[in-house]
Structures are given as C-alpha cells and as structure tokens.
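Descriptive structure summary
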Amino acid sequence: MTRRTPLPLLAVFAILAWLTPRGSFAQDAHTGMVSHGSHITVPSGTVNDWAIHVSPRDMGFEEPRSEKDNAFLKFECYVVQVNQYTWQVVARYKMRPWDGEGLWHNGFANYLLVRK
C-alpha cells in the first residue's frame, strides 16, 4: 500500500483561503458615470490615497441616412486634478458631420475609484 502525502489537499485549502475575501471591500472602491466637466471627489483622505480609472461610456452620435460621410475624428477621456480632494473629468469627442468642420461635443465616462 502506498502512502499518500496530504500536500495536494493542503495546497487546495491554502489557495481557497487566499482567494476567500476576509471582509467587505465595498468602502474601498467606488464606480459611476459622469459627464464631461464633472468633478469626482474622494470619499475620504486625498487624491494621493486613491487610484482612478476613467473610460469612455458614450461618445459620438448617429446621423441617420448619412453613415458614409461622417467622421469620428478624436475622443479624449481622462481626469485633471483640481485640488487635493477632487478631479475634473474630460470626456469629449470631435466629430465631423456630413457637411462641415469637426466640432467638439461633450460625452460621458465611466469611472472606477479604488483606495491604494
């Protein structure tokens, strides 16, 4: 009869214990949707205590019966620090309709705020 070592079973328990959350992390992360020019203020501490990620949510528009000559020229999606507690969101896009020059329009962004 061969003797089996308990090592694989211990490894499984160690991995499960490591993956199991030890408490609620909801207070350490915040998400939302904001429009161009909006401000995001940290819930506590300063901006140095938080990491922020923004991504485009709604940029551009549909121009019915004119899809072949529109031009989506550029979009911008980022934040600028206003003070030690707040960022301002830049979420805009430049689009040229079928007739005319490209114009900037306000867009929307998603954000994820995570405590460092």
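Residues numbered from 1 in each chain as written. Predicted model: local features only at pLDDT ≥ 70, side-chain atom pairs only at ≥ 80, totals over all residues. Heavy atoms only, no water.

Considering all chains together, one arrives at two salt bridges under this definition. Its salt-bridge partner being K74, residue E76 comes within 3.4 Å of it at the nearest N-O pair. Here E76 ties to R92 by a salt bridge, and the two come within 2.8 Å at their closest N and O atoms. Remark: R92 occurs in strand β5 (residues 86-96) and E76 occurs in strand β4 (residues 71-81); sequence separation between them is 16 residues. Through salt bridges with shared partners, a single ionic network connects K74, E76 and R92. (Salt bridge = Lys/Arg side-chain N within 4 Å of Asp/Glu carboxyl O. Helix = DSSP H or I, 4+ residues; strand = E, 2+ residues; numbered from the N terminus.)

This brings us to the sheet that holds strand β1 (residues 29-35). The sheet built from three strands is open, its strands ordered β1-β7-β3 with antiparallel pairing. Strands with a single pairing partner mark the edges of an open sheet, and in this sheet they are β1 and β3 (50-58). Averaged over all pairs of adjacent strands, the angle between their axes in this sheet comes to 20 degrees, without regard to strand direction. Strand direction decides the pairing type here: β3 and strand β7 (residues 108-115), joined by eight bridges, are antiparallel. Bridge pairing links S55 to N110 in β7. (Pairing = 2+ DSSP bridges. Axes fitted to C-alpha atoms, helices over the stretch in contact; angles between N-to-C directions.)

What follows covers the pairing of β5. Pairing of strand β2 (residues 39-41) with β5, which is carried by three bridges, proceeds in the antiparallel orientation. Paired with I40 across the bridge in β5 is W87. Where β4 and β5 come together, 10 bridges link them in antiparallel fashion. Bridging across to β5, F75 finds its partner in Y93.

Here the structure, examined in full by the defined rule, presents two aromatic pairs. A ring pair is formed by F72 and Y93, whose centres lie 6.0 Å apart and whose planes are at 15 degrees; its orientation type is stacked. Of this pair, F72 sits in strand β4 while Y93 sits in strand β5, and the two are 21 residues apart along the sequence. With relative accessibility at 41%, the residue F72 sits in the partly exposed group. What makes Y93 buried here is its relative accessible area of 7%. Grouping aromatic residues by their ring pairs yields a cluster made of F72, F75 and Y93. Between R92 and the ring centre of W104, over which it is positioned, the NZ or CZ distance is 3.8 Å. (Phe/Tyr/Trp six-rings, centres within 6.5 Å; stacked < 30°, edge-to-face > 60°. Buried < 20%, exposed > 50% of the residue type's maximum accessible area, 1.4 Å probe, protein only. Lys NZ or Arg CZ within 6 Å of the ring centre and 35° of its normal.)

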